[in-house]
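Descriptive analysis of the structure
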Amino acid sequence: MSRPEKFIIDGKRLDGRTPDQLRPIKIEVDYLKRADGSCYLEMGKNRVVAAVYGPREVHPRHLQDPTKAIIRYRYNMAPFSVEERKRPGPDRRSIEISKVSKEAFEAVIMKELFPRSAIDIFVEVLQADAGSRTACINAASVALVDAGIPMKGILTSVAVAKVDGVLVLDPMKEEDNYGEADIPFAFLIRGGKIESIALLQMDGKMTKEEIKEAINLAKKGAMEIYQMQREAIMKKFIEEGENE
Ligand code: CDP
């Protein structure tokens, strides 16, 4: 993949989207039978799976916290998920993504209800096309609901990038790799409203005004994703009820 000459032509992006448009999203709840909660999610060309286990006993025991559950989050990229084969196993990038995502979920999971236990969140990237950490957070949120983990709300994640001086929602790979800036966000949504920002990372440069504008654009995108997360969860529980 080489740098495109222009990112926006006649108001349209390379994949035909307008600057404020998300990529198509598909969400399937309860995708894995062995996990306590799971989700398969597509966000454009990203394909990710989230599996949640717990609350369960912590091993080794010295890692237990007598006051609350510990949250573990592992982001992993399959070697075949990217253009150039990725070496299997953790690297600096996946450790960083796991850390910031875990911290975002710590703000939303009601950990105090489960002292001495662990809640494990595994996310596997099968195909990546920029924004894989945001797709994983969206999938993990749904998997946590599927597992019945009590939460203060739900996390919804999307990035905003700057290309040709224009802010664009949910950047794909060309925009992410060759754009002027990129900010992945995760929002805590409670009672249908955005309550706070749980994750914000930034790569590149934006002015103060652009950052404000980026937050508003990301919020708009997050509310659209939130509706899809909700619909997927409702659909699963309605189907379950019908089968009983
Ligand atoms: O995926 P995300 O945007 O959260 O993370 P990134 O570090 O900004 O990576 C952007 C994109 O670069 C990924 O989604 C992949 O498509 C690609 N990438 C890759 O091709 N090989 C890697 N080892 C890491 C990322």
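Above this text is the structure in question.
Structural notes, computed from the coordinates. (Residues numbered from 1 in each chain as written. Predicted model: local features only at pLDDT ≥ 70, side-chain atom pairs only at ≥ 80, totals over all residues. Heavy atoms only, no water.)

Some words on the site of the ligand
- Taken together, the residues surrounding the ligand are Met 77, Val 82, Arg 93, Ala 128, Asp 129, Ala 130, Gly 131, Ser 132, Arg 133, Lys 173, Asp 176 and Asn 177.
- Contacts to the ligand include Arg 93, whose side-chain N or O atom sits 2.6 Å from an oxygen atom.
- Measuring from an oxygen atom of the ligand, one finds a side-chain N or O atom of Asp 176 at 3.4 Å.
- Coverage of the ligand by the protein chains reaches 78% of its 510 Å² of free accessible surface.
- One can see that the ligand is located within the largest pocket.
- The greatest single-element share of the shell around the ligand, amounting to three residues, is contributed by helix α3 (residues 173–178).
- For the shell around the ligand, the residue count by class is four nonpolar, three polar and five charged. (Near = heavy atom within 4 Å. Polar contact = N/O pair within 3.5 Å; in protein donor to acceptor, adjacent residues only side chain to side chain. Areas by Shrake-Rupley, 256 points an atom, 1.4 Å probe, with all protein chains shown as cover. 1 Å grid on protein atoms, 1.4 Å probe; cavity = no way out; pocket = protein on both sides within 12 Å on 5 of 7 lines; lining within 4 Å. Sits in = over half its atoms within 2 Å of the grid points. Helix = DSSP H or I, 4+ residues; strand = E, 2+ residues; numbered from the N terminus. Nonpolar A, V, L, I, M, F, W, Y, C, P; charged D, E, K, R; others polar.)

What to know about the nonpolar core
- If you look at the biggest cluster of nonpolar residues, it comprises 61 residues, and the most contacted ones within it are Tyr 73, Phe 105, Ile 109, Ile 121 and Leu 144.
- It is helix α4 (residues 208–243) that contributes the most residues to this core, nine residues altogether.
- Discounting chain neighbours no more than four positions away, the residues touching Tyr 73 are Ser 98, Ser 101, Lys 102, Phe 105, Ile 121, Val 123, Cys 136, Ile 137 and Ala 140.
- Core analysis: the next-biggest nonpolar cluster, separate from the first, contains five residues, Phe 7, Ala 161, Val 163 and Val 168 among them. (Core = buried A, V, L, I, M, F, W, Y, C linked by side-chain atoms within 4.5 Å. Buried < 20%, exposed > 50% of the residue type's maximum accessible area, 1.4 Å probe, protein only. Contact = heavy atoms within 4.5 Å.)

What about unusual backbone geometry?
- The omega angle of the peptide bond from Gly 54 to Pro 55 is 0°, so this bond is cis rather than trans.
- For Pro 55, the position within the fold is in strand β5 (residues 46–57).
- The amide bond that connects His 59 to the next residue, Pro 60, takes the cis arrangement and shows omega of -5°.
- Locating Pro 60 in the fold gives a position in the loop between β5 and β6 (70–77).
- Non-glycine residue Asp 10 carries a positive phi angle of around 50°.

Let's talk about the layout of surface pockets
- In this structure, the largest pocket encloses a volume near 470 Å³.
- In terms of lining, the largest pocket is formed by 24 residues, of which the most central are Arg 93, Ala 130, Gly 131, Arg 133 and Asp 176.
- Listing elements by their share of the lining of the largest pocket, those giving two or more residues are α2 (132–146), α3 and β10 (181–190).
- Among the residues forming the lining of the largest pocket, the class breakdown is eight nonpolar, five polar and eleven charged. (Points joined across faces, edges and corners; volume = space filled by probe spheres on them.)

Details of the pairing of β10
- Of all ten residues that make up β10, nine are buried, and the element is covered over most of its length.
- Summarising the sheet, β10 and strand β12 (residues 203–204) pair through two bridges and their orientation is antiparallel. Across the sheet, Asp 182 pairs through a bridge with Asp 203, a residue of β12.
- For β10 and strand β11 (residues 193–200), the ladder comprises six bridges, and the chain directions are antiparallel. (Pairing = 2+ DSSP bridges.)

Details of the side chain of Ser 81
- Structurally, Ser 81 can be placed in the loop between β6 and α1 (92–106).
- Of the polar contacts made by the side chain of Ser 81, one reaches the backbone oxygen of Ala 78; its length is 2.7 Å.

Just distances and angles here, no functional claims.
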